[in-house]
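Chain residues, written in single-letter form:
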Amino acid sequence: NQKTMSRNIISFGLQTMKKREAQSELNKNLKRFGSRHPRVGESHQSLGLFYLFSENYRDAETHFEHAVRIYTNALGIKHPDVASALMFKGLTHLALEKLDD
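Residues numbered from 1 in each chain as written. Predicted model: local features only at pLDDT ≥ 70, side-chain atom pairs only at ≥ 80, totals over all residues. Heavy atoms only, no water.

Q: Residues and numbers for the overall build of the protein chain, please.
A: Helix and strand content of the protein chain: four helices and zero strands. Counting from the amino terminus, helix and strand elements in the protein chain follow one another as α-α-α-α. Sequence-distant contacts, at least 24 apart, represent 52% of the contacts inside the protein chain between residues at least 6 apart. With an accessible surface of roughly 7,000 Å², the protein chain has 53% of that area assigned to carbon and sulfur atoms. (Helix = DSSP H or I, 4+ residues; strand = E, 2+ residues; numbered from the N terminus. Contact = heavy atoms within 4.5 Å. Areas by Shrake-Rupley, 256 points an atom, 1.4 Å probe, with all protein chains shown as cover.)

In structure tokens form, the structure reads like this:
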């Protein structure tokens, strides 16, 4: 069906744009703030979410791990951003069936 194929092409294009935007934001924040700043953690979390929703769980896990480490070091273990990143990392582990990690 041409309509379905058109929707799939548009969807793929939008996903590609979102990924580029998130990667660009990460690169900008790295240059501007350095690798330990919470804004960089935010960018990693955004990329992690993109990969999680794209079912690319290994890349999602990597970005969530970066976010957890950055948030923990910059904001402290009890900060809500740490909890959020840990929750998303846990969801990724569920998807990967890594329940013991």
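What follows picks up the thread again.
Q: Go over the environment of Ser-54, please, and point to the residues and values.
A: Considering the arrangement of structural elements, one finds Ser-54 in the loop between α2 (38-53) and α3 (57-75). Classification of Ser-54 as partly exposed rests on a relative accessible area of 32%. Along the sequence, Ser-54 and Gln-15 sit 39 residues apart, while their C-alpha atoms lie 8.5 Å from each other. Here the side chain of Ser-54 touches Phe-50 through a polar contact of 2.8 Å, landing on its backbone oxygen. (Buried < 20%, exposed > 50% of the residue type's maximum accessible area, 1.4 Å probe, protein only. Polar contact = N/O pair within 3.5 Å; in protein donor to acceptor, adjacent residues only side chain to side chain.)

Q: I'd like a description of α2, backed by residues and values.
A: In this model, α2 (16 residues) spans 22 Å end to end at C-alpha, consistent with the 22 Å of a helix rising 1.5 Å per residue. Turning to α2, its buried residues are Val-40, Gly-41, Ser-43, His-44, Gln-45, Leu-47, Gly-48, Phe-50, Tyr-51 and Leu-52. Looking one or two places after α2, you find Glu-55, whose phi comes out positive at around 60°. (Expected span 1.5 Å × (residues − 1).)

Q: Break down a nonpolar patch on the surface for me, with residues and values.
A: On the surface, a cluster of nonpolar side chains totalling about 290 Å² of accessible area is made up of Met-87, Leu-91 and Leu-94. If you trace the backbone, Leu-94 turns up in helix α4 (residues 80-96). Overall, Leu-94 belongs to the exposed group, its relative accessible area being 51%. (Patch = residues over 30% accessible without salt bridge, like charges linked within 9 Å, V, L, I, M, F, W, Y side chains within 5 Å. Salt bridge = Lys/Arg side-chain N within 4 Å of Asp/Glu carboxyl O.)

Q: Before we move on, can you summarise α3 with the specific residues and values?
A: Between its terminal C-alpha atoms α3 stretches 26 Å, which fits the 27 Å expected from 19 residues at 1.5 Å a residue. Residues of α3 that are buried include every one of Ala-60, Glu-61, His-63, Phe-64, Ala-67, Val-68, Ile-70 and Tyr-71, and no others. Positive backbone phi, approximately 95°, marks Gly-76, located one or two places after α3.

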